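Chains, contacts and geometry: an overview
Residue-level listing of the chains:
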Amino acid sequence: MREVKFKVTEMFPGCGSSPWRPEGFSIGIRVKKALGIENGSISNNDVVAVIDFEGVERITIGFADEIIGTFIRENGIDLSKSNHLNFINTNDNIDKTINEVRENPEDSANFL
């Protein structure tokens, strides 16, 4: 598979170590474009989007929601459990937030 990497700290140098929903929205759009997502299906089956959290201490629920939760709510598919989306250089804080959104995608829509 061909990797398309999104390094959070390079994309948003002003976000510090804790990106919020607007940064997640921007990455979410780029991930969907890289995967060729339309009407809930992936047309670029040979692509894996990799989100690199090197240098990021934590993420907000809103950030994770824009990458994972919105797609679950709109299409019923968790991209983060597929072969098409990987997270690297995470830590316990980031993993906890990602898992919280996976488990409660309806609730995560209300957070920044």
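Residues numbered from 1 in each chain as written. Predicted model: local features only at pLDDT ≥ 70, side-chain atom pairs only at ≥ 80, totals over all residues. Heavy atoms only, no water.

Attention now moves to the confidence of the model for the protein. Regions with low pLDDT carry predicted coordinates that are not meant to be interpreted in detail. On average, residues of the protein score 89 in pLDDT, and 99% of them reach the 70 mark or higher. In the model of the protein, strand S2 (residues 37-38) stands out as the element of lowest mean pLDDT, 81, in contrast to strand S1 (residues 2-7), which has the highest, 96. (pLDDT = per-residue confidence, 0-100. Helix = DSSP H or I, 4+ residues; strand = E, 2+ residues; numbered from the N terminus.)

Attention now goes to the packing of aromatic side chains. The tally for this structure, following the rule as stated, stands at two aromatic pairs. With a centroid separation of 6.1 Å and 70° between ring planes, the pair formed by Phe53 and Phe63 is classed as edge-to-face. Residue Phe53 is located in the loop between strand S4 (47-52) and helix H3 (61-75), and its partner Phe63 is located in helix H3; the two are separated by 10 residues in the primary sequence. Each of the two residues, Phe53 as well as Phe63, counts as buried. (Phe/Tyr/Trp six-rings, centres within 6.5 Å; stacked < 30°, edge-to-face > 60°. Buried < 20%, exposed > 50% of the residue type's maximum accessible area, 1.4 Å probe, protein only.)

The sheet built from three strands is open, its strands ordered S1-S4-S5 with parallel pairing. Looking along the sheet, the strands with just one partner apiece sit at the ends: S1 and strand S5 (85-88). Neighbour-to-neighbour, the strand axes of this sheet turn through a mean angle of 25°, independent of strand direction. Sheet contacts for helix H2 (residues 21-35): S1, S4 and S5; angle to S4, the most-contacted strand, approximately 160°. (Pairing = 2+ DSSP bridges. Axes fitted to C-alpha atoms, helices over the stretch in contact; angles between N-to-C directions. Contact = heavy atoms within 4.5 Å.)

Together, Glu100, Glu103, Glu106 and Asp107 give the surface a local cluster of negative charge. Of the residues examined, Glu103 reaches a relative accessible area of 61% and is grouped as exposed. (Patch = residues over 30% accessible without salt bridge, like charges linked within 9 Å, V, L, I, M, F, W, Y side chains within 5 Å. Areas by Shrake-Rupley, 256 points an atom, 1.4 Å probe, with all protein chains shown as cover. Salt bridge = Lys/Arg side-chain N within 4 Å of Asp/Glu carboxyl O. Lys, Arg positive; Asp, Glu negative; His and termini not counted. Charge placed at Lys NZ, Arg CZ, Asp CG, Glu CD.)

Ranked by size, the top nonpolar core spans 29 residues in total, and within it Val31, Ile51 and Phe53 carry the most contacts. Elements that contribute at least two residues to this core include exactly H2, S4, H3, S5 and helix H4 (92-103). For this core, the leading source of residues is H3, giving seven residues. Once you skip the residues sitting within four places of it in the chain, Phe53 turns out to touch Val8, Ile59, Phe63, Phe87, Ile88, Asn89, Thr90 and Ile94. (Core = buried A, V, L, I, M, F, W, Y, C linked by side-chain atoms within 4.5 Å.)

Let us now look at the environment of Val56. With respect to the helices and strands, Val56 occurs in the loop between S4 and H3. The exposure class of Val56 is buried, given its relative accessible area of 5%.

Packing of H3 against H4 leaves a shortest axis separation of 9 Å and a crossing angle of 35°. For the crossing formed where H3 meets H4, the hand is right-handed. Of the residues in H4, those touching H3 at Ile61, Ala64, Asp65, Ile68, Gly69 and Ile72 are Thr97, Ile98, Glu100, Val101 and Arg102. Taken together, the residues of the contact of H3 with H4 break down into six nonpolar, two polar and three charged. (Left-handed = near helix turned anticlockwise from the far one by under 90°. Nonpolar A, V, L, I, M, F, W, Y, C, P; charged D, E, K, R; others polar.)

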